[in-house]
Amino acid sequence: MKVKRAVARSGLYLTMFIYSLSIIIPLFVMFMTSFKTNAQIFKNPFGLPTSFNIDAYVNLFVISNYGKYFLNSIGVTVLSLSAAVTMSALAAYAISKYKFKYNRAIYVYFVIGLVVPIKLGTIDIMITMLNLKIFDTLWALIIVYIAMAIPLSVFVLYDYIKMVPDELSSAARIDGCSEPGIFARIISPLIKPGLAAAGIISFIPNWNEFWFPLVLIKSRENYTIPLATGQLFGQFDTKLNLVFAVLSLASIPVIIIYLLLSNYFVKGLSAGAVKG
Amino acid sequence: MLEARRKHAKFLFLFIFPAFIVYTVFMLLPILNSMKYSLYTGEGLIPNEFVGLDNYIRLFTEERYYVKFWNAFQNNIQFFIIVTVVQNVLGFFMAVLISRTFKGSGFIRKLSFLPTTLSVLVVGYIFKLILNPYYGVFDKFIEMIGLEQLIIPWLGDPRSAIYVVAIAVSWQFFGESVLFYTSGIDGISDSIIEAAQIDGANIWQEIYHIILPSVLPIVGIVTILIFIGDFTQFDIIFAMTGTRGDPNYSTDLFGSLFYRTAFSSPERGGWGTGMGATVATMMFIIVTIGVGVFLTFFTKKKEELEK
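All values derive from a computational prediction rather than experimental measurement.

About the thresholds
For every chain, the first residue of the written sequence is number 1, and numbering continues from 1 onward in sequence order. Working convention: letters from A go to chains and numbers from 1 go to ligands, in the order in which they are written. Two thresholds apply to this predicted model, a pLDDT of at least 70 for residue-level local features and 80 or more for giving and counting side-chain atom pairs, whereas whole-chain, interface and lining totals are computed over all residues. To obtain the side-chain values, all non-hydrogen atoms of the structure were used and water was disregarded. In this description a helix means any DSSP run of H or I spanning at least four residues, a strand means any run of E spanning at least two, and both kinds are numbered starting from the N terminus. Here the term buried applies to any residue with accessible area under 20% of the maximum for its type, exposed to any over 50%, and partly exposed to those in between, with areas from a 1.4 Å probe on protein chains only. Any two residues whose heavy atoms approach within 4.5 Å at even a single point are treated as in contact. The Shrake-Rupley method, run with a 1.4 Å probe, gives the accessible areas here. Residue values count only the displayed protein chains as cover. A positive count includes Lys and Arg, and a negative count includes Asp and Glu. His and the chain ends are not counted in either. Every charge is mapped onto a representative atom, which is NZ of Lys, CZ of Arg, CG of Asp or CD of Glu. The reference for a compact globule is 2.2 Å times residues^0.38; the radius of gyration itself is calculated from the C-alpha atoms. Each aromatic pair joins two rings of Phe, Tyr and Trp (for Trp, the six-membered one) with centres within 6.5 Å, and gets the label stacked for planes under 30 degrees apart, edge-to-face for over 60, and tilted for any other angle. Contacts described as polar in this section are N or O atom pairs within 3.5 Å, which, within protein, must combine one atom able to donate a hydrogen with one able to accept it, while residues neighboring in sequence count only if both atoms come from side chains. Values labelled buried area give the accessible surface lost by two parts on being combined, using a 1.4 Å probe and summing over both. Here the nonpolar group is Ala, Val, Leu, Ile, Met, Phe, Trp, Tyr, Cys and Pro; Asp, Glu, Lys and Arg are the charged ones; every other residue, Gly included, is treated as polar. Being paired, for any two strands, means DSSP has found at least two bridges between them. A pocket here means an open set of points on a 1 Å grid, computed over the protein atoms alone, that has protein on both sides within 12 Å along at least five of seven lines. A cavity is instead a set of points where a 1.4 Å probe fits but cannot get out; residues with an atom within 4 Å of a point line either one. Grid points are joined across faces, edges and corners, and a volume is the space filled by probe spheres set on the points. Between the first and last residue of a helix there are one fewer steps than residues, each counted as 1.5 Å, and that sum is the expected span. Each residue is assigned a bend, namely the angle between axes fitted to the seven residues that terminate at it and the seven residues that start at it.

Across its full length, chain B holds 13 helices and 1 strand. For the C-alpha atoms alone, the extent of chain B along its principal axes is close to 75 × 75 × 35 Å. Taking all 307 residues of chain B together, 54% fall into the buried category. Considering only residue pairs separated by 6 or more positions, chain B has 66% of its internal contacts joining residues 24 or more positions apart. Looking at chain B as shown, the accessible area adds up to about 14,300 Å², and 65% of this sits on carbon and sulfur atoms. Counting 22 positive and 24 negative side-chain charges, chain B places the averaged centre of each group 8 Å from the other.

Laid out in structure tokens, this is it:
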């Protein structure tokens, strides 16, 4: 029995070891190669960089304007996520705390968006953006991303708000606090974790979104990081270290944020899955 | 809970309106409008003349349309099956292992979700570079272990390309299914498992009679999410095999077909706005039917297992 258990344990550790390698190696190859020179890449693809060569990164920021693309991505993400979370919190508050005829229907209406692929409406979105004269601007992306983040945010925040006891808002109401005041002063401080969760879960798809910039953005100065990655990749076919640096730059922000906040991601996502 | 009397009706409106309007105008209406555009001709950007179901008839009777459509359909089914098997079957067993307590299980949990955080585009490019026949490390590795006769141009061969693309996507989202399954398994109460172990159940019996029934709703969610994602997948094709799904359309999925037909110029495979909208509507119908079928299947299966 003891031997059998020891064998099972070793098998478990071996499986986990191989599994970890399968995740780490591709990422490791990406980062490592970005610090090599082209000659080193061809001569010795497995070896560590012989010197720590940051030419590729300097090149991207100085010649290819990568700083600007980062600022664009940060602006779009911050604006769209904060707007989406605010709007969703207000809507979720109204649906969960006021009793009226269509609570359930409106909730379902919002949550339908979790399974509807917005991509399929791109033709109309493009025409709308042209009509609004914001085609090829970051505003077009911001608006679409707000719409995209609303279903999940309403879904997450509805439960958080539901848990806030009604006595608090009733007491405030008796003291003469207005309805928006109750939301601002009582509800929102209490659902801060929910607001954070909604923003964090939407962060990854938002930051990585590639389809809409590809369709809606034409001018180079309005590129976001994914669009820049998609467009610059082909241009550097012969400069491999640049190619790998482009990929590393697109990944570093999400990896850092994930490592810092991984507990929130895991909690938020698995709660959603289990609740279904 | 507050009864919404007339006095509060304006707040109700004020609170719901912003989210409602943005979500409706920029998410749900565009999909309906795209369906409407499928009933119009649209050689250029703006749909103009009403033609009824003409676009649909052409899509299924004119060879230059239906060949591409059914090709994408077949590729997409193949792609979906590979990803589903890897993520559900392998992902489930990996989750069974990870949910046991052992040294480093927290680290593994954290690590396994890491690829999911990257952009699909980045993952596609990494795999493309690793598999490159000239400098890719994968072929070099195979040579090193003495199996060079097995090397083929992974992404250049129509027989292997779709598998390679499906494996790249599976690699990326594997951690997500593992996360979903582990959280389901963590939710099973220890006393049930202990009781089974005392009764002498082996690991397979434990999996079949206890773990599987309780994570079945999660199998449903994971499968439906994969289905929706795969039948609209575009980024991985753009990154690995281009918008034509090279080689020779063998990796063309609905997502790349839609992009090409709706947004490319005619020389690059564009079919105009009307036909593009028709493709989008067909995708919508397929996704809706698929989700409906899976929902019914998993609800039924769950009832059976609970008996």
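Before going further, it helps to spend a moment on the overall build of chain A. Summing up its helical and strand segments, chain A has 13 helices and 1 strand in all. The linear arrangement of helices and strands in chain A, starting from the amino end, is α-α-α-α-β-α-α-α-α-α-α-α-α-α. Relative to a compact globule of 276 residues, whose C-alpha radius of gyration would be 19 Å, chain A shows 24 Å and is clearly more extended. When burial is assessed residue by residue, chain A has 55% of its 276 residues classed as buried. Roughly 12,500 Å² of accessible area belongs to chain A as shown, and the carbon and sulfur atoms make up 69% of that amount. The average position of the 22 basic charges and that of the 11 acidic charges among the side chains of chain A differ by 11 Å.

This paragraph deals with unusual backbone geometry. Cis geometry is adopted by the peptide bond preceding Pro 247 of chain B, which originates at Asp 246 of chain B and carries an omega value of -10 degrees. Inspection of the secondary structure puts Pro 247 of chain B in the loop between α11 (235-240) and α12 (254-263). Positive phi values are uncommon outside glycine, yet Lys 133 of chain A reaches one of about 60 degrees. The topology assignment puts Lys 133 of chain A in the loop between α6 (122-131) and α7 (138-162). By relative accessible area, Lys 133 of chain A is classed as exposed at 71%.

It is worth spelling out the packing of aromatic side chains at this point. Following the criterion strictly, the structure yields 56 aromatic pairs over all chains and no others. By the ring-pair criterion, three or more aromatic residues cluster together here, those being Phe 60, Phe 69, Trp 70, Phe 73, Phe 80, Phe 227, Phe 231, Phe 254, Phe 294, Phe 297 and Phe 298 of chain B.

For Asn 208 of chain A, the position within the fold is in helix α10 (residues 192-208). Here Asn 208 of chain A falls in the buried class, since its relative accessible area comes to 10%. A distance of 2.8 Å separates a polar side-chain atom of Asn 208 of chain A from the backbone oxygen of Thr 117 of chain B. The contact partners of Asn 208 of chain A, leaving out residues within four places of it in the chain, are Pro 226 and Val 254 of chain A together with Thr 117, Leu 118 and Ser 119 of chain B.

Bringing the interface of chain A and chain B into the picture now. Each side of the interface is counted separately: chain A has 90 residues, and chain B has 84 residues. Summed over both partners, the interface of chain A with chain B comes to about 8,200 Å²; 81% of that surface belongs to carbon and sulfur atoms. It is Tyr 19, Leu 120 and Ile 123 of chain A that lose the most area in chain A upon contact with chain B, and together they represent 10% of the buried surface on that side. Our count for the contact surface shared by chain A and chain B stands at 16 residue pairs in polar contact (both at pLDDT 80 or more). The greatest single-element share of the side of chain A that touches chain B, amounting to 17 residues, is contributed by helix α13 (residues 240-275) of chain A. Of the residues contributing to the side of chain A that touches chain B, the split by class is 65 nonpolar, 16 polar and 9 charged. Two strands pair when backbone bridges link them, and strand β1 (residues 98-99) of chain A and strand β1 (residues 2-3) of chain B are joined in this way by 2 bridges, in the parallel orientation. Its bridge partner being in β1 of chain B, Lys 99 of chain A is matched across the sheet by Glu 3 of chain B.

The next subject is the layout of surface pockets. Size it by volume and the second largest pocket reaches roughly 1,200 Å³. Along the wall of the second largest pocket there are 28 residues; nearest its centre are Arg 9 of chain A together with Arg 100, Gln 197, Ile 203 and Glu 206 of chain B. Of all the secondary structure elements, the ones that give two or more residues to the lining of the second largest pocket are α1 (2-34) of chain A together with α3 (63-98), α8 (158-186), α9 (190-198) and α10 (203-230) of chain B. No other element matches α1 of chain A, which puts 6 residues into the lining of the second largest pocket. Grouping the constituent residues of the lining of the second largest pocket by class yields 15 nonpolar, 5 polar and 8 charged.

With that settled, the discussion passes to α1 of chain A. Residues and elements named next belong to chain A. Taking 1.5 Å of rise per residue, 33 residues should cover 48 Å, and α1 covers 48 Å from first to last C-alpha, within 8% of that figure. Taking the largest bend as the criterion, α1 deviates by roughly 30 degrees, centred on Ile 24, and proline Pro 26 comes between one and four positions later. Residues of α1 that are buried include every one of Leu 12, Met 16, Tyr 19, Ser 20, Ile 23, Pro 26, Leu 27, Val 29, Met 30, Met 32, Thr 33 and Ser 34, and no others.

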